[in-house]
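Here's the letter readout for the chains.
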Amino acid sequence: MIDLRPVLWGIGLILSLFALAMAAPALVDWQARDPDWPIFLASGCACLFAGQILVFANLQVRTRQFSVRQGILLAVFGWITLALAGCLPFRFGQLHLSFTDAIFESVAGVTATASTQLRHLDQMSPGILLWRALLQWIGGIGVLALSAAVLPDLNVGGMLLFRSETARLDDRLIQRMRRLLSGILTVYLCLTLLLFLLLWIAGMTPLTALIHAMGSISCGGFSSSDQSIGHWHSPAIDWVILLGMALGGAPFILHWQIARGRWRQVAGNSQLRWYLGLILLAALAITLWLVIAQDAKPLPALRHSLFAVTSVLTGTGFATWDWSRWTGFPLAILFLLTFVGGCAGSTSGGLKIFRLQLLLANAKLQLRRLLSPNAVLLPEFDGRPVSEEIGESVLGYLFVYILSFALLAMALSLVGMEFAPALGAAAAALANLGATISPSLGPLASFALLPTAAKWLLAAGMIFGRLEFFLLLALFSRNFWRN
Amino acid sequence: MFCPEAGGFLFDLRPVLFANGLLISVLAVAMGVPLLLDLAIGGGESRAFAASAAISLFIGFALTLSGRGSGPFGLNGRQAFLFSASGATLAGLLGALPLMLGSRHLRLIDAVFESISAITTTGATVMTGLDQAPAAILIWRALLQWLGGAGVIAAALLLLPMLRIGGMQIFRSETSERVELMPTRLPRLVGKLLTLYAGLTLLLSLALSLAGMNALEAICHAMSSLSTGGFSTSDRSLAKFSSLAGWLCVIGMLLGGTNLALFVNPKRGKKWRLLRDTQLRWYLATILAFALLLTFWYWAVVGQLPQRAVEQAAFQSVSILSTTGFRLSDDVGWGGFPQVTIFVMSFIGGCIGSTAGGIKIFRYEVLFAISRLHVARMLHPHGVFSVSFNRLRLPESVLRSVLGFFMLYFVCFALLSTGLAIVGLDPLSSLSAAAAAIGNVGRGVGPVIGVAGGYHALPDAAKFLLAIGMLVGRLELAPVLVLLLAGFWKD
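Keep in mind the model is a prediction, meaning the values are calculated, not measured.

What counts, and where the lines are drawn
- Residues numbered from 1 in each chain as written.
- Chains lettered and ligands numbered in written order.
- Predicted model: local features only at pLDDT ≥ 70, side-chain atom pairs only at ≥ 80, totals over all residues.
- Heavy atoms only, no water.
- Helix = DSSP H or I, 4+ residues; strand = E, 2+ residues; numbered from the N terminus.
- Rg over C-alpha atoms; globule rule 2.2 N^0.38 Å.
- Contact = heavy atoms within 4.5 Å.
- Areas by Shrake-Rupley, 256 points an atom, 1.4 Å probe, with all protein chains shown as cover.
- Buried < 20%, exposed > 50% of the residue type's maximum accessible area, 1.4 Å probe, protein only.
- Polar contact = N/O pair within 3.5 Å; in protein donor to acceptor, adjacent residues only side chain to side chain.
- Expected span 1.5 Å × (residues − 1).
- Disulfide = S-S within 2.5 Å.
- Buried area = accessible area lost by both parts, 1.4 Å probe.
- Salt bridge = Lys/Arg side-chain N within 4 Å of Asp/Glu carboxyl O.
- Nonpolar A, V, L, I, M, F, W, Y, C, P; charged D, E, K, R; others polar.
- pLDDT = per-residue confidence, 0-100.
- Patch = residues over 30% accessible without salt bridge, like charges linked within 9 Å, V, L, I, M, F, W, Y side chains within 5 Å.
- Axes fitted to C-alpha atoms, helices over the stretch in contact; angles between N-to-C directions.
- Parallel < 35°, antiparallel > 145°, perpendicular 65-115°, else oblique.
- Left-handed = near helix turned anticlockwise from the far one by under 90°.

Turning next to the overall build of chain A. Secondary structure assignment for chain A yields 22 helices and 2 strands. Expected size for 483 residues packed as a compact globule is a radius of gyration near 23 Å; at 22 Å, chain A falls within 12% of this value. Summarising the internal contacts of chain A: among those between residues at least 6 apart in sequence, 73% fall at separations of at least 24. Looking at chain A as shown, the accessible area adds up to about 18100 Å², and 68% of this sits on carbon and sulfur atoms.

Written as structure tokens, this is what we have:
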């Protein structure tokens with residue numbers, strides 16, 4: 001049997017930190033004379049209490065050395081705990097959401113998916129708005145920690161590829177987490193601040209600037225307006241958010257390298273090149289279509305399509321306007337991009353660019369093998385040959401991804417959703433994208449009218465996608481619980 | 001320029017021409033069947049068929065003669081690729097002739113779409129008013145499918161394993177010491193299989209005529225079911241006929257989607273291969289699972305009578321999973337679930353070694369095994385694991401090619417649906433039509449292509465793209481893609 005004490009200790013620690021974050025919305029609400037502040041305070045105290053109990057109850061475990069299985073358990077249950085704790089203000093605050101809705105909103109927050117089912121955001125109390133932004137921002141930290149410290153070790157979908165970049169092999173999980181918190185997290189924090197300042201200068205109020213800075217860097221996408229970014233009608237704001245999302249979808253290791261002045265590593269990073277290339281290519285294609293087929297003006301069309309492509313690719317979900325009215329080609333492109341996602345080591349979701357690169361390299365190789373069956377060919381990544389095992393893991397990942405998509409779409413339609421919304425919502429949830437790409441359920445649409453069962457399914461899908469499928473799948477393997 | 005000595009091509013094209021010539025000649029002879037039928041009943045299509053047969057025969061002979069080489073006939077890997085791609089395309093083009101020349105006067109793109117849809121056993125039709133269509137045309141469509149099915153069965157044994165596409169090499173006779181699935185004497189086996197195929201068709205058409213169809217309808221539907229094509233003789237597809245006929249077609253489609261080689265030699269050694277074949281079990285289990293889900297939907301949500309719900313669900317899941325595409329009714333107004341299910345099932349397909357399209361059950365078995373392997377490796381990074389199929393260990397190369405196939409399949413699907421969206425289809429139709437074409441299912445969902453003869457309304461460019469998609473899917477992706485690879489033409 002696995003020793004659960006370090007896991008509980010870890011969850012307690014996470015929960016305590018999470019509780020401290022609740023002080024921020026409490027403070028904001030208190031200052032705005034909004035009656036919600038005691039709720040945040042009470043929820044914070046409850047979480048802190050529960051967290052401290054877990055920490056102290058498991059304090060006698062001196063070894064903080066997490067095994068593989070404990071790491072998986074910590075990731076899975078840490079996330080679920082955060083989702084449960086985060087729903088308290090939604091459930092008991094002024095909003096009085098039902099349990100399902102509160103959980104949905106909270107899961108959408110901590111997985112940085114940010115598909116919302118709240119309406120009339122513009123009139124909502126500042127505390128709740130800040131809380132939603134904070135949830136996704138904290139979720140973003142979790143994603144970064146996961147992709148830098150846990151996934152490479154487990155080789156989830158070929159993430160082994162990135163192990164050498166993040167840390168030395170002999171490092172233990174906690175040490176690596178610490179180094180991560182000092183490095184990548186500093187970058188995360190600085191970028192948030194930078195975006196906050198830029199948005200403030202571009203004309204947002206400080207609170208909305210903070211909310212959108214957090215939303216874009218974490219690739220979340222909760223906005224403070226029902227019209228999302230379209231509310232401001234400001235190209236400057238559009239460009240800043242665009243920049244924020246693009247930064248959020250790029251590897252944070254690279255941002256760290258840039259900060260330390262190591263430009264050469266950035267230039268040699270093929271994943272980044274593909275990422276930017278894909279954004280430009282898709283945006284240009286959509287712009288061309290809009291200009292030719294719908295007589296749009298080139299420059300605004302370019303801005304809107306760049307924004308839409310970046311938002312979808314990074315799994316953010318901000319929208320400058322309702323793309324679902326772009327029928328046909330742009331919608332098809334955006335739908336397919338949903339599955340691609342941003343770079344590994346970023347806060348984005350989806351398949352991730354490096355997997356796409358490996359998959360295409362593999363497919364090309366397969367064709368060459370058909371021609372020369374006896375040649376020894378290995379796929380390459382960044383000029384280095386990639387082992388057979390990594391290639392297999394990536395393809396296994398693709399299979400599980402597509403299988404989960406099919407099952408989730410079927411389940412959603414079984415509980416009453418139509419064909420296109422079911423497909424769009426399933427793809428969006430698994431890729432942690434807040435906006436649904438479908439003709440009838442657009443990026444500005446609310447999930448409020450969905451059946452209750454669909455909300456639960458989507459919430460499960462978000463967590464499944466966030467944990468890169470295999471972390472959760474491992475729990476269902478018989479081997480996991482055996483010694 | 002077709003001479004190898006002239007430089008440019010480093011491989012001999014003559015065997016490819018020769019094989020194509022033979023194929024076209026067979027097609028020309030097959031045109032005699034509707035011709036004779038038309039002469040017998042006086043349908044007025046005889047001139048079209050006679051002219052088409054003459055043209056085909058001429059081309060066939062010309063190719064055969066120009067490709068005739070000295071020494072025994074044989075194809076190497078590249079030639080086999082080229083033959084499978086060119087043969088299917090050529091047969092599709094020539095098969096369109098009677099449809100264009102006949103009384104229906106289909107436009108070129110429509111006729112080619114219809115013919116390629118038949119030869120690839122897809123069954124997506126652009127023709128409406130089938131109930132009043134001439135008998136010769138109907139039998140020709142069915143015959144094209146049937147020949148396409150026969151071609152697939154033969155190719156699955158003779159060509160594809162040689163090409164090592166998507167793990168097909170495990171069916172290769174040379175590797176039978178590793179994975180013994182097929183008897184070694186291939187040509188005899190192919191003969192047996194085709195006899196079985198013909199016998200089953202005959203049996204099914206007899207049964208269908210007993211169930212109330214007339215002779216023409218019975219033969220057409222029997223051919224359509226066993227080849228997992230999906231062309232019907234009525235716009236209403238199977239809804240026109242009795243429920244018994246529907247169930248008989250279910251059996252036919254079910255058989256069409258299985259690996260017929262299992263029936264040729266059912267007892268091997270002391271073990272019943274039928275019972276031990278994991279692919280067959282998975283195939284049946286998948287069908288059962290989808291049928292149960294759909295039954296639940298039709299019964300509990302739509303509110304149909306239990307008997308009708310079971311019938312409809314069984315029919316639908318077998319029809320799509322075997323990639324036939326017969327319809328018992330339109331899916332309009334029954335909510336999203338049947339639509340999503342049809343879409344998802346289009347990607348699954350039947351067993352390998354059958355006439356069905358799609359990714360195929362065998363590859364899913366391997367993919368599941370690889371995912372389990374991945375989880376196991378996560379938990380035990382230093383463990384040594386392997387994947388097995390039918391209790392035999394699969395070599396690494398098979399895993400690789402199955403995974404490559406899966407990836408390529410989705411790349412093709414994404415490209416095709418994007419292309420369809422560019423030429424003006426709505427998102428739902430472009431996704432569904434792309435899945436139905438590459439999977440050789442033929443039946444799409446949605447208000448445009450989900451209804452009878454719905455493909456008729458598509459723009460010409462979409463029909464063209466879909467015809468290419470069908471060929472790509474039927475040829476298991478690789479032949480067409482390899483032709484695109486620059487390295488294929490060099491050395």
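All names here are of chain B. Locating T323 in the fold gives a position in the loop between α15 (306-321) and α16 (336-345). Note on T323: relative accessible area 0%, which makes it buried. A distance of 2.9 Å separates a polar side-chain atom of T323 from the backbone nitrogen of G357.

All names here are of chain B. The terminal C-alpha atoms of helix α6 (residues 108-119) lie 16 Å apart, and with 12 residues this matches the ideal 16 Å at 1.5 Å per residue to within 8%. By the criterion of burial, α6 is predominantly enclosed, with 11 of the 12 residues buried. When α6 is considered as a whole, its buried residues turn out to be I109, D110, A111, V112, F113, E114, S115, I116, S117, A118 and I119. Turning to α6, the residues buried within the fold contact α4 (77-95), α5 (97-101), α7 (135-158) and α20 (460-474).

The next point concerns the state of the cysteines. In the structure shown here, the tally under the stated rule is 0 disulfides over all chains. Among the cysteines around C220 of chain B, which has no disulfide bond, C249 of chain B carries the closest sulfur, lying 11 Å off.

All names here are of chain B. End to end, α20 covers 21 Å across 15 residues, agreeing with the expected 21 Å (1.5 Å per residue, within 8%). Turning to α20, the residues buried within the fold contact α4, α6, α7, α18 (396-422), α19 (427-438) and α21 (478-484). Once α20 finishes, E476 follows within two positions and takes phi at roughly 55°, a positive value.

With 56 residues of chain B at the contact, the number on the chain A side is 55 residues. Between chain B and chain A, a total of about 4800 Å² is buried, with carbon and sulfur atoms accounting for 79% of that surface. Linking chain B with chain A are 1 salt bridge. Residue R377 of chain B pairs with E392 of chain A through a salt bridge whose shortest N-O separation is 3.3 Å. If you look at where chain B meets chain A, you find 1 residue pair in polar contact (both at pLDDT 80 or more). Secondary-structure elements contributing two or more residues to the side of chain B that touches chain A are α4, α14 (278-301), α16, α17 (361-379), α18, α19, α21 and α22 (486-489) of chain B. In terms of residue count, α18 of chain B provides more of the side of chain B that touches chain A than any other element does, 16 residues in total. Considering only residue class, the side of chain B that touches chain A consists of 39 nonpolar, 12 polar and 5 charged.

This paragraph deals with the environment of A48 of chain B. Residue and element names in this part refer to chain B. In this fold, A48 is placed in helix α3 (residues 46-67). Residue A48 is classed as buried on the basis of its relative accessible area of 8%. Sequence-wise, A48 and G102 are 54 residues apart; in three dimensions their C-alpha atoms are separated by 5.1 Å. Those residues within four positions of A48 in sequence are excluded, and the remaining contacts are P98, L101 and G102.

On to the confidence of the model for chain A, then. Of the residues in chain A, 95% have a pLDDT of 70 or more, and the chain-wide mean is 87. In this model, residues 165-170 of chain A is a region of pLDDT below 50 whose contacts with residues beyond four sequence positions or in other chains number 7 contacts.

Quick look at the environment of L254 of chain B now. Residue and element names in this part refer to chain B. Residue placement: L254 occurs in helix α11 (residues 243-256). A relative accessible area of 25% means that L254 is categorised as partly exposed. Spatially, the C-alpha atom of L254 lies 36 Å from that of G44, the residues being 210 residues apart in sequence.

Turning our eyes to something else, we now look at a nonpolar patch on the surface. Residues and elements named next belong to chain A. Together, L194, L197, L198, W200, I201 and L243 make up a nonpolar patch on the protein surface, roughly 570 Å² of accessible area in all. Tallying contributions element by element places helix α9 (residues 173-201) first for the nonpolar patch, with 5 residues. Along the chain, L197 turns up in helix α9. Using a relative accessible area of 42% as the deciding quantity, one classes L197 as partly exposed.

Time to look at the packing of α6 of chain B against α20 of chain B. Two numbers describe a pair of packed helices, the interaxial angle and the distance between the axes. Residues and elements named next belong to chain B. Packing of α6 against α20 brings their axes to within 9 Å, and their N-to-C directions diverge by 20°. With respect to α20, the element α6 is oriented roughly parallel. Two packed elements cross with a definite hand, and for α6 against α20 that hand is left-handed. Packed against α6, whose contacting residues are I109, D110, F113, I116 and S117, the element α20 presents D460, K463, F464, L466, A467, M470 and L471 at the interface.

Here we take up unusual backbone geometry. Across the chain, the bulk of peptide bonds are trans and the bulk of non-glycine residues have phi less than zero. Residues and elements named next belong to chain A. The backbone phi angle of A114 is positive, close to 65°, even though this residue is not glycine. Tracing the sequence through the fold places A114 in the loop between α6 (99-110) and α7 (126-154). Among the residues examined, A114 registers a relative accessible area of 5% and is labelled buried. With a phi close to 55°, H120 is a non-glycine residue in the positive phi region. Considering the arrangement of structural elements, one finds H120 in the loop between α6 and α7. The class for H120 is exposed, based on a relative accessible area of 53%.

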